[in-house]
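Okay, here's what each chain looks like letter by letter:
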Amino acid sequence: MNIFVLDFCFVVLSVLTKSLAKPKSCMKLDSELFAPCVNIGHTHTFPLPPFIDLKKVSAALHKFRDEITANCSAPDILTDTVHCTMLLPLCVEGRELPLLPCRSVCINAVHGCRNAVKAYILNEVGAMCNLLPDSTAASKTCFEPKGYNISVHNKTGKSICS
């Protein structure tokens, strides 16, 4: 009897989780508040709870962008991709999960900031980069910003942590 109850609870929890995970629709980003994101083609995110102030999220994005990447040699399209997808996961209609950046975008952003950012931050972000899809946007499994060209932006083919 206990196994049946446990199985039933697992099924109910699974159904609830899947129904809550699916957004009703993606939320369009305001092009003024989130210009760095919109400019790279990151135009939609998942709906945010009503108590979250978009102006504060925008301020956090801009502060993070200004402080972390002020002295990076990585192009803005790379660092903006990492910042935007961390704060506002990219939502694509019909897709249950966020579209994450491609590994090469993240690795090249981190590589370009290696002399400007504290080592522990680079190590943490670098470890996250290694978890991203090792593919290109053409595969539809990950996101590359508008204007990204791996042959131009690729500074290293190596994993950040290796």
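As the structure is a computational prediction, the values presented were derived from the model and not from experiment.

*Asks:* Residue-level account of the packing of helix H3 (residues 54-68) against helix H4 (residues 76-87), with values.
*Replies:* The geometry of H3 relative to H4 is characterised by a closest axis approach of 10 Å and an angle of 140° between their N-to-C directions. Taken together, the axes of H3 and H4 lie oblique to each other. Seen from above, H3 lies across H4 with right-handed handedness. Side by side, H3 and H4 meet where Ala60, Leu61, Phe64, Arg65 and Ile68 of the first sit next to Asp76, Asp80, His83, Cys84, Met86 and Leu87 of the second. Residues that form the contact of H3 with H4 fall into these classes: 7 nonpolar, 1 polar and 3 charged.

*Asks:* Please set out the state of the cysteines residue by residue, giving values where relevant.
*Replies:* Considering all chains together, one arrives at 5 disulfides under this definition. Cys26 shares a disulfide with Cys91; S-S distance 2.0 Å. Looking down the S-S bond of the Cys26 and Cys91 bridge, the torsion is -70°, so its handedness is left-handed. In this pair, Cys26 sits in the loop between helix H1 (2-21) and strand S1 (27-28) while Cys91 sits in the loop between H4 and helix H5 (103-112), placing the two residues 65 residues apart along the sequence. With relative accessibility at 13%, the residue Cys26 sits in the buried group. Residue Cys91 is classed as buried on the basis of its relative accessible area of 4%.

*Asks:* Any chance you could break down the confidence of the model for the protein for me, citing the residues and the numbers?
*Replies:* Counting all residues, the mean pLDDT for the protein is 78, and 77% of those residues have values of 70 or more. Low pLDDT, under 50, characterises residues 1-20; the stretch is placed with 0 contacts to residues that sit more than four places away or in other chains. Confidence drops under a pLDDT of 50 for residues 156-162, and excluding neighbours within four residues, the segment shows 15 contacts in the predicted structure.

Rules used throughout
Residues numbered from 1 in each chain as written. Predicted model: local features only at pLDDT ≥ 70, side-chain atom pairs only at ≥ 80, totals over all residues. Heavy atoms only, no water. Axes fitted to C-alpha atoms, helices over the stretch in contact; angles between N-to-C directions. Helix = DSSP H or I, 4+ residues; strand = E, 2+ residues; numbered from the N terminus. Parallel < 35°, antiparallel > 145°, perpendicular 65-115°, else oblique. Left-handed = near helix turned anticlockwise from the far one by under 90°. Contact = heavy atoms within 4.5 Å. Nonpolar A, V, L, I, M, F, W, Y, C, P; charged D, E, K, R; others polar. Disulfide = S-S within 2.5 Å. Buried < 20%, exposed > 50% of the residue type's maximum accessible area, 1.4 Å probe, protein only. pLDDT = per-residue confidence, 0-100.

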